[in-house]
Amino acid sequence: MTDTHTPTPQTPELPTQFDPTTTEPKWAAKWRNEPFRADATSGKDPFTIVIPPPNVTGNLHLGHALDNTLIDTLIRYKRMAGFEALYLPGMDHAGISTQVVVERQLKDAGTNRHDLGRENFLEKVWDWKAKSGGMILDQLTRLGVSADWTRERFTMDEGLSRAVRAQFVKLYHGGLAYRGERIVNWDPASQTTLSELEIDREVRKGKMYTLSYKLENPAEAASNGDAGEIRIATVRPETIFADQAIAVHPNDERFKHLVGKKARIPLTERLVPIIADEAVEMDFGVGALKITPAHDPTDFEVGERHGLPRPSVIDLDGNLTTDELVPAEFQGLERFAARKAVVKALEEGGDLLEQKDHDTAIGLSERTKVPVEPIISEQWFVQMKPFAAQVLDGLEKGEIRLTPERYAKVNRDWLENIRDWNISRQLWWGHQIPAWYDEEGNIYVPDPENPELDCDVDPRYRHLNLRRDPDVFDTWFSSNLWPFSTLGWPDTDSEDFQKFYPTQVLVTGYDILFFWVARMQMAGYGLTGQAPFSTVMLHGLYLDAKGQKMSKSKGNGIDPLELFDQYGVDACRFAFTFLSTGGQDIKHDARRFEQGRNFANKLWNATRFALMRLGEGIPALTGDDDLTRYVRSTLEKPDGASPRSRDALAQLKTRSDLTLADRWIISRLNAVTAEASAQLDAFDIGAAIRTLYSFTWDEFCDWYIEAAKPALSSGNLGTMATLKAVLEHILKLLHPFMPFITSELYGALGHRRQIAVHSWPKEDAALHDAEATHAFDALRAAVAAARSLKSELGLSPQDRLNVAVEGELAGVVGENSRVVESIAKVNLVTLLEGRTLSLVEQGVTIRAPLEGTVDMADWLKKQQKRLQELDKQIKQAEGKLSNEGFVARAPAEVIEEEQRRIKDFGAQKERLEGVLAQFG
RNA sequence: AGAACCGUAGCUCAGGGGUAGAGCACUACCUUGACACGGUAGGGGUCAGGGGUUCAAAUCCCCUCGGUUCUACCA
């Protein structure tokens with residue numbers, strides 16, 4: 001990366017409004033084409049954040065825009081603060097989502113993946129990836145992220161594929177990855193298994209049916225039914241053909257005598273045993289249930305405990321099988337149609353005793369929205385408990401900090417209850433599992449010493465007819481490696497891995513805490529022996545204006561590109577950071593974007609003001625001192641490095657030509673620099689932008705610029721330098737948040753090197769000036785009072801009013817009369833004849849002649865109210881100070897503060913009483 | 001069934017033991033040589049309700065009422 005750019009041609013004046021469309025493309029292109037390349041050999045401390053890789057399919061949505069804004073803000077801050085900052089970009093192949101998208105396209109084109117064949121299909125997906133991935137890249141570029149594009153990665157690129165294989169081989173030979181027959185979640189639409197996390201639970205209205213199962217011995221009876229029957233409850237009557245038992249609780253007196261006996265499945269002649277198992281809840285339903293091991297996870301476990309067979313009656317398409325277990329009339333029926341048919345038949349046969357409304361939580365495939373079907377299948381699994389234990393240990397030791405902290409508990413709870421992870425997917429798009437089978441079903445997996453060697457070409461197995469597992473890994477089985485696979489792992493000696501791993505912060509939404517964060521934690525500890533990041537910063541979800549989640553199906557999504565077009569990217573970044581507080585969800589609010597746009601415009605015009613005034617004043621500057629050169633560089637744009645604003649500030653401190661306003665703003669800038677830096681260090685990005693926003697607008701623009709006008713008009717070098725230095729510091733402080741406009745304006749102020757590579761302002765205790773702060777506060781109070789009086793007297797802002805200043809701090813105001821007169825548009829006079837309208841403020845009283853259209857009764861009422869308020873405050877403070885407990889226990893500063901308040905309010909009260917005395 | 005978060009001005013939200021804040025909206029005045037995407041002066045809140053801890057509670061604890069969400073194999 002070079003650190004120069006083509007400066008904006010110096011026009012006499014910037015336009016009066018900031019136009020993002022002329023500024024943004026230039027900088028976005030620069031940051032894309034000359035990326036912020038992190039140097040693995042530098043001596044600086046690393047600061048690494050890996051992007052939560054967006055799915056190659058689909059667009060950047062607001063969640064991504066939020067993620068990447070927060071990441072970029074931290075990265076830009078740390079880069080300026082002297083770290084070797086690496087923002088590592090990339091994308092995820094998103095197995096099932098992408099395959100579903102491409103298959104849908106094929107369907108629209110009248111074909112399908114099976115007709116195409118695996119290789120042709122994959123070619124299509126890669127085409128789509130190229131197109132879609134390019135779009136995401138453009139969107140991130142538009143956002144202005146300072147990513148290191150030379151390190152961009154993709155979960156299916158060569159290096160990452162090697163990492164995935166290394167992971168699997170290691171887990172397999174360590175006995176942690178295994179193949180087994182389990183009940184898994186099947187998505188009949190996409191024809192693959194899913195992990196628990198890929199299923200959305202949704203409560204739907206359904207029915208619960210009470211069925212009568214006839215006992216083998218008609219002389220017996222369950223106490224929940226008539227003679228010769230036992231009643232059971234189910235919500236899935238279509239699965240009764242796969243029943244293997246009826247279960248009751250072992251302590252349930254109603255059924256004890258029946259355990260070991262048999263009952264007949266309705267609509268069939270098949271008998272199943274009645275068994276006792278703790279899993280049964282006595283109080284629920286009718287106390288007994290059917291056990292269908294092949295079609296229900298709980299039943300599967302019960303079946304395992306009791307050694308029951310587990311035949312299946314639903315096939316992979318979600319239809320009843322043509323198995324002999326299923327009566328002919330139901331064979332081949334779709335599962336929901338089958339339910340209706342079975343219910344009807346049960347009803348007709350008198351076996352259906354009752355059906356009542358029942359809310360059932362059903363599992364929907366996250367991607368296809370189709371109800372998942374529990375099926376029994378042979379799949380690959382990874383044992384999670386050993387990994388979870390390592391993470392829990394690391395969390396315990398504080399090796400990973402979560403912010404907000406409350407998520408640490410959520411993180412732990414999930415890890416403590418973790419189950420084995422089904423990692424195989426019956427998809428084509430993804431990392432094909434490197435496992436081979438011989439004709440007898442024996443498993444072959446490459447050796448850890450030579451993981452890249454496929455078993456079917458391994459000389460040792462040449463005599464065998466090996467067939468590769470057609471399945472691929474779950475997408476998250478590659479995303480879990482992201483913080484280190486992107487840095488060269490499994491090559492742990494690589495420069496990048498050595499320098500940038502482990503990473504510092506992970507920024508993402510709390511919604512993927514389990515999916516992604518926890519799995520990276522486990523992979524990090526399990527494969528690299530350390531935490532993959534030291535801080536997890538979780539932000540809330542970006543919701544629509546009504547507070548609902550945005551989703552394609554609801555059609556309530558907001559396209560970030562439209563917001564960029566409408567408000568400008570800086571304004572959007574302002575809004576994102578301003579809105580992000582403490583991991584709370586964010587409800588979309590257009591007003592925040594307007595606020596950002598207005599703020600950008602304010603900054604633009606403040607700089608415009610500075611350029612105009614400095615431009616007017618510079619020709620008269622003839623000195624050859626550092627400070628003069630610093631101010632002159634605004635127009636002269638030196639080829640070498642410009643004199644630094646930090647040095648200028650340090651020099652300014654000792655100058656005698658500084659005005660009170662200059663001293664005040666320098667002191668305030670210093671305090672704000674410290675505050676914003678501390679907030680960023682604590683990852684409280686929202687607080688930092690708020691601090692900077694109010695300082696820039698309320699203090700710098702509203703007070704300092706106004707107060708500096710008289711001194712600028714008389715060409716005061718100290719004020720010119722202060723204006724420039726403070727403005728440049730503000731631009732630096734805001735740069736991480738609003739990179740475009742700050743880069744542009746910094747260039748306009750005479751800098752050739754882009755602001756992004758300048759250093760972050762540092763707090764300097766020597767710049768603190770309590771006296772100036774105190775005095776300027778009095779001046780502000782005087783100005784506010786004078787303005788208020790003008791308003792009360794019905795005067796226009798431009799009408800000049802004679803006012804007199806009295807009070808403890810009248811001297812300070814008098815010394816700065818030019819400033820007060822200029823800002824408040826008043827004339828300061830020493831004495832006023834006759835009755836006056838007066839306003840009493842802290843330290844000063846402002847008096848104005850009583851003329852014009854003031855409503856005296858109303859005015860006096862207000863002043864009386866004011867007096868009462870002061871009285872109340874004084875009494876309150878006195879009350880506290882006369883309270884023994886307060887004096888004994890409150891900290892000294894608080895006590896002093898109360899004493900000070902009594903003094904200040906007392907003085908104000910005295911002055912106000914004097915003022916009111918003239919009106920009797 | 002557990003758990004978490006939220007309830008502060010008309011709206012959207014900060015603040016999180018020590019004098020109630022912002023943006024927008026509202027009222028009045030102002031095109032004052034940076035900015036009307038602006039300026040100035042104003043109005044508006046018993047910080048959901050109740051109890052407790054404390055010298056001091058919007059802030060900490062408990063309960064209640066509303067709202068949201070996440071976990072969980074109740075047929």
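Peer 1: A description of the overall build of chain A should follow, citing residues and the corresponding values.
Peer 2: The helix and strand tally for chain A stands at 29 helices and 29 strands. Here chain A has a C-alpha radius of gyration of 37 Å; the compact-globule value for 920 residues is 29 Å, and the former is much larger. Counting every position in chain A, which comprises 920 residues, the buried fraction comes to 54%. Of the accessible surface of chain A, which amounts to about 39,600 Å², a share of 48% is contributed by carbon and sulfur atoms.

Peer 1: Mind laying out the protein's contact with RNA strand B, listing which residues take part and the relevant values?
Peer 2: Residues in contact with RNA strand B amount to 54 residues; listed here are only the nearest, Q17, A233, E281, R608 and R889. A share of 60% is what sugar and phosphate atoms reach among the atoms of RNA strand B within 4 Å of the protein. Contacts to RNA strand B include R419, whose side-chain N or O atom sits 2.7 Å from a phosphate oxygen. S791 is positioned such that a nitrogen or oxygen atom in its side chain is 3.1 Å from a sugar or linking oxygen of RNA strand B. Every element with two or more residues in the surface near RNA strand B is listed here: β8 (229–234), α17 (590–617), α21 (685–713), α24 (770–792), α28 (884–889) and α29 (892–917). Here the surface near RNA strand B takes 12 residues from α17, the largest share from any one element. Broken down by class, the residue content of the surface near RNA strand B amounts to 17 nonpolar, 16 polar and 21 charged.

Peer 1: Can you explain the nonpolar core? Please cite residues and give values.
Peer 2: With 211 residues, the main nonpolar core has L74, F168, L402, L415, F477, V631 and F700 as its most contacted residues. If you tally residues by element for this core, the top one is α21, at 14 residues. What F477 contacts, discounting residues up to four positions off in sequence, is V164, Q167, F168, L171, V382, W421 and I423. Residues Y213, A222, V343 and A345 belong to the second largest nonpolar core, which totals 30 residues.

Peer 1: An account of the packing of aromatic side chains is needed here, citing residue identities and associated values.
Peer 2: Applying the stated criterion across every chain yields a total of 36 aromatic pairs. Between W414 and F514 the ring centres are 5.0 Å apart and the planes differ by 15°, which places this aromatic pair in the stacked class. Separated by 100 residues along the polypeptide, W414 in helix α10 (residues 407–416) and F514 in helix α14 (residues 513–528) bring together distant segments of the chain. Taken together, F168, Y172, W380, W421, F473 and F477 form an aromatic cluster joined through their ring pairs. Here the guanidinium or amino end of R32 rests over the ring plane of W149, the centre of that ring lying 6.0 Å away. The lysine or arginine in question, R182, covers the ring of F381, its NZ or CZ lying 5.8 Å from the ring centre.

Peer 1: Describe the side chain of E24, listing the residues and the values that go with them.
Peer 2: Relative to the elements of secondary structure, E24 occurs in helix α1 (residues 20–33). Look at E24: it is buried, it has no salt bridge, and the nearest opposite charge is R142 at 4.1 Å. If we ignore the near neighbours within four places in the chain, the residues touching E24 are R142, G568, V569, D570 and F740.

Peer 1: Please provide a residue-by-residue account of the confidence of the model for chain A, values included.
Peer 2: Predicted confidence across chain A gives a mean pLDDT of 90, with 98% of residues reaching 70 or more. The low-confidence segment residues 1–12, where pLDDT is below 50, has 28 contacts with residues more than four positions distant or belonging to other chains. Model confidence for the complex is summarised by a pTM of 0.92, with the ipTM given as 0.96.

Peer 1: Quick one: what's the story with the sheet that holds strand β16 (residues 421–422), residue by residue and with numbers?
Peer 2: Pairing within the open sheet is antiparallel, and its four strands lie in the order β6-β5-β14-β16. On the outer flanks of this sheet lie β6 (192–194) and β16, each paired with one strand and no other. Where strand β14 (residues 373–382) meets β16, two bridges bridge the pair, whose relative direction is antiparallel. Across the sheet, the residue bridging to F381 is N422, located in β16.

About the criteria used
- Residues numbered from 1 in each chain as written.
- Chains lettered and ligands numbered in written order.
- Predicted model: local features only at pLDDT ≥ 70, side-chain atom pairs only at ≥ 80, totals over all residues.
- Heavy atoms only, no water.
- Helix = DSSP H or I, 4+ residues; strand = E, 2+ residues; numbered from the N terminus.
- Rg over C-alpha atoms; globule rule 2.2 N^0.38 Å.
- Buried < 20%, exposed > 50% of the residue type's maximum accessible area, 1.4 Å probe, protein only.
- Areas by Shrake-Rupley, 256 points an atom, 1.4 Å probe, with all protein chains shown as cover.
- Near = heavy atom within 4 Å.
- Polar contact = N/O pair within 3.5 Å; in protein donor to acceptor, adjacent residues only side chain to side chain.
- Nonpolar A, V, L, I, M, F, W, Y, C, P; charged D, E, K, R; others polar.
- Core = buried A, V, L, I, M, F, W, Y, C linked by side-chain atoms within 4.5 Å.
- Contact = heavy atoms within 4.5 Å.
- Phe/Tyr/Trp six-rings, centres within 6.5 Å; stacked < 30°, edge-to-face > 60°.
- Lys NZ or Arg CZ within 6 Å of the ring centre and 35° of its normal.
- Lys, Arg positive; Asp, Glu negative; His and termini not counted.
- Salt bridge = Lys/Arg side-chain N within 4 Å of Asp/Glu carboxyl O.
- pLDDT = per-residue confidence, 0-100.
- Pairing = 2+ DSSP bridges.

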